[in-house]
Each structure stands twice: as structure tokens, then as C-alpha cells.
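# Survey of secondary and tertiary structure
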Amino acid sequence: MIEIMHRRRNEDKFEAARQRMLKWDLKGRDITDPHVLSAMIEVPREEFIPDSHRSQAYTDGPLPIGLNQTISQPYIVALMTQELRVNQESEVLEIGTGSGYQTAVLSKLVKKVYTIERFSELADSARKVLERLGISNVEFHVGDGSSGWPASRLPPSGCFDRIMITAAVPEVPRPLAWQLVDGGLIVAPVGGRSVQELVACEKKPDSLVGKTICDVRFVRLIGKHGFEQ
Ligand code: SAH
């Protein structure tokens, strides 16, 4: 009984914190897409955070998730989602599953999310949280996301409508550009090891044409078409 009351008090506390995040950190800045805002309210960020930091689940900053990786700041998750301009028909490739929080937010807005993570421990834990939350339109893969989704398991169309990279890349990895449909969008932090620019690019027949959104700091994408270490 006491245990149940304690859990309910915590849920109320997190619900209030989520509403504050929506008002101050998202709407209070430039997140205006109503679908993105409702996905940010629907997904309980605290579920993706290790016990040691759970009380800070709604502070607007990154938090550690183990293996020297971080869950991104809520505002950046919302901004990247808004810039990806998805719809319910979109098939989205995400590179860098991490905690699975960004995956969960995307899953609320699109047909299917395909997500790649380098560390099996993180992928397993993200898979469990998504299962617990009843999210079933996500496919996982453990491996080097800089080389793209395995060709044998591509969606029927053979490519993705949208791609989001949630780790820093020196440039957009070529294999990812190849797996993006013409007219599709890719959102990624592109730049150096410590600071990058968040860019949103559209795929044209022989190039990616994009805009810069803001400066960001992401952990590095380590892989064949990413950083070496
Ligand atoms: N979107 C995540 C945050 C990701 S942090 C969230 O919401 O929690 C970046 C993630 O990219 C880390 O988990 C890291 O292990 C992963 N990563 C780094 N290099 C990678 C690669 N080559 N392929 C797939 N994942 C990679």
C-alpha cells in the first residue's frame, strides 16, 4: 500500500515536471509543432534515465546513461524532431539509439523507426523500456550506424523518408545519404569533436542541400564513416 502511494506520488511529480518542461523549455522557446509537443508529453523521460539521475529527468540538459554516453537534452530532442518534419507515413532511420528516448518520441509520430546502436547493452535496455511502454513500431539493430541499415532488412521501398543522427559526425556519412529517398530529410550534428552545428538537409538528385540550425555538443559517432575514436 505504502509502496503504491509512493509510486503514485512520484508519477504526479514527474507529470508536473513534464508539463513545466513543455511550457518553459519547449513552447517557451521555438517548439511550435503541436504533434511534437504532444509526443514530448506522452513519453515519460524518467523511464529512460538510470536511478542515480532519475530525479533530474526533466532538467533541460543531457544526463549520463552509462558507457560514457548521454541522453540528449529535451529541447534538442524536440528541436531535432520538429526539424525532421515527419508524418504518420514516414519510415525513419535513427543512428545512435542510446537510451531510446528519442526513438520513443519519434515512434509516436511516424509509421516505423529503424534504430542502430553500437553498444548492445544500450540497445537491450532501450528495447526493454520501449516494450514496457507498449511501443511496437521500432526495429533495432546493433552495429556501426555510419554504414547504414543492413541491406537485407531495408523497408520495402528500399530507402528511408527521414534520417536522424544523434551523435556527432565530421560530415554526413555517404552510406546514409544513399539510403535516403530523393526529397527526404536528414537531421544531424555535423562538425568537430567538441562542437558541432545542427543541420537539416534535403536530398537532391546528386547532393544534400541544407540549413544550419544552431550550435550543439553531441558525443561522437564512432565508426567507419564517423570519427575514429
Ligand atoms: N538519442 C539518444 C542519445 C544518443 S547518444 C537518446 O535519446 O538517449 C549517441 C549514441 O550513439 C550513443 O548511445 C552511442 O553509443 C551511439 N553511437 C556512437 N557511434 C555509433 C555508431 N557508429 N553506430 C551506432 N550508434 C553509435
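Before reading on, note that the structure itself is shown above.
Residues numbered from 1 in each chain as written. Predicted model: local features only at pLDDT ≥ 70, side-chain atom pairs only at ≥ 80, totals over all residues. Heavy atoms only, no water.

Residues L26, I31, M40, F48 and Y101 are the most contacted members of the largest nonpolar core, which totals 49 residues. Within the residue set of this core, elements represented by two or more residues are α1 (2-27), α2 (34-42), β1 (63-66), α3 (74-84), α4 (101-107), α5 (120-132), β5 (138-142) and β8 (196-204). A total of 7 residues in this core trace back to one element, the largest contributor, which is α3. Non-local contacts of M40, meaning those with residues more than four positions away in its chain, are made with R18, M21, L26, P74, V77, A78, Y101 and V105. I95, V169, L176 and V190 belong to the second-largest nonpolar core, a separate cluster that totals 19 residues. (Core = buried A, V, L, I, M, F, W, Y, C linked by side-chain atoms within 4.5 Å. Buried < 20%, exposed > 50% of the residue type's maximum accessible area, 1.4 Å probe, protein only. Helix = DSSP H or I, 4+ residues; strand = E, 2+ residues; numbered from the N terminus. Contact = heavy atoms within 4.5 Å.)

Attention now goes to the pattern of salt bridges. Tallied over the entire structure, the rule returns 10 salt bridges. The salt bridge partner of K211 is E83, with a shortest N-O separation of 3.0 Å. Taken together, the positions of K211 in strand β9 (residues 207-216) and E83 in helix α3 put the pair 128 residues apart, joining distant regions of the chain. Of the residues examined, K211 reaches a relative accessible area of 45% and is grouped as partly exposed. Accessibility expressed as a relative area gives 14% for E83, which makes it buried. E139 serves as the salt-bridge partner of R153, at 3.4 Å between the closest nitrogen and oxygen. With R153 in the loop between β5 and β6 (160-165) and E139 in strand β5, this pair connects stretches of sequence that are 14 residues apart. (Salt bridge = Lys/Arg side-chain N within 4 Å of Asp/Glu carboxyl O.)

Turning next to the sheet that holds strand β3 (residues 91-95). With mixed pairing, the 7 strands of this open sheet are ordered in space as β5-β4-β3-β6-β7-β8-β9. The outermost strands of the open sheet, each flanked by one partner alone, are β5 and β9. Geometrically, the sheet is characterised by an average inter-axis angle of 15° between neighbouring strands, direction not taken into account. Pairing between β8 and β9: 9 bridges, direction antiparallel. Paired with A200 across the strands is K211, a residue of β9. Its contacts with the sheet place α5 against β4 (112-117) and β5, and it is angled at close to 165° to β5. (Pairing = 2+ DSSP bridges. Axes fitted to C-alpha atoms, helices over the stretch in contact; angles between N-to-C directions.)

Scope: geometric values only; no functional claims are made or implied.
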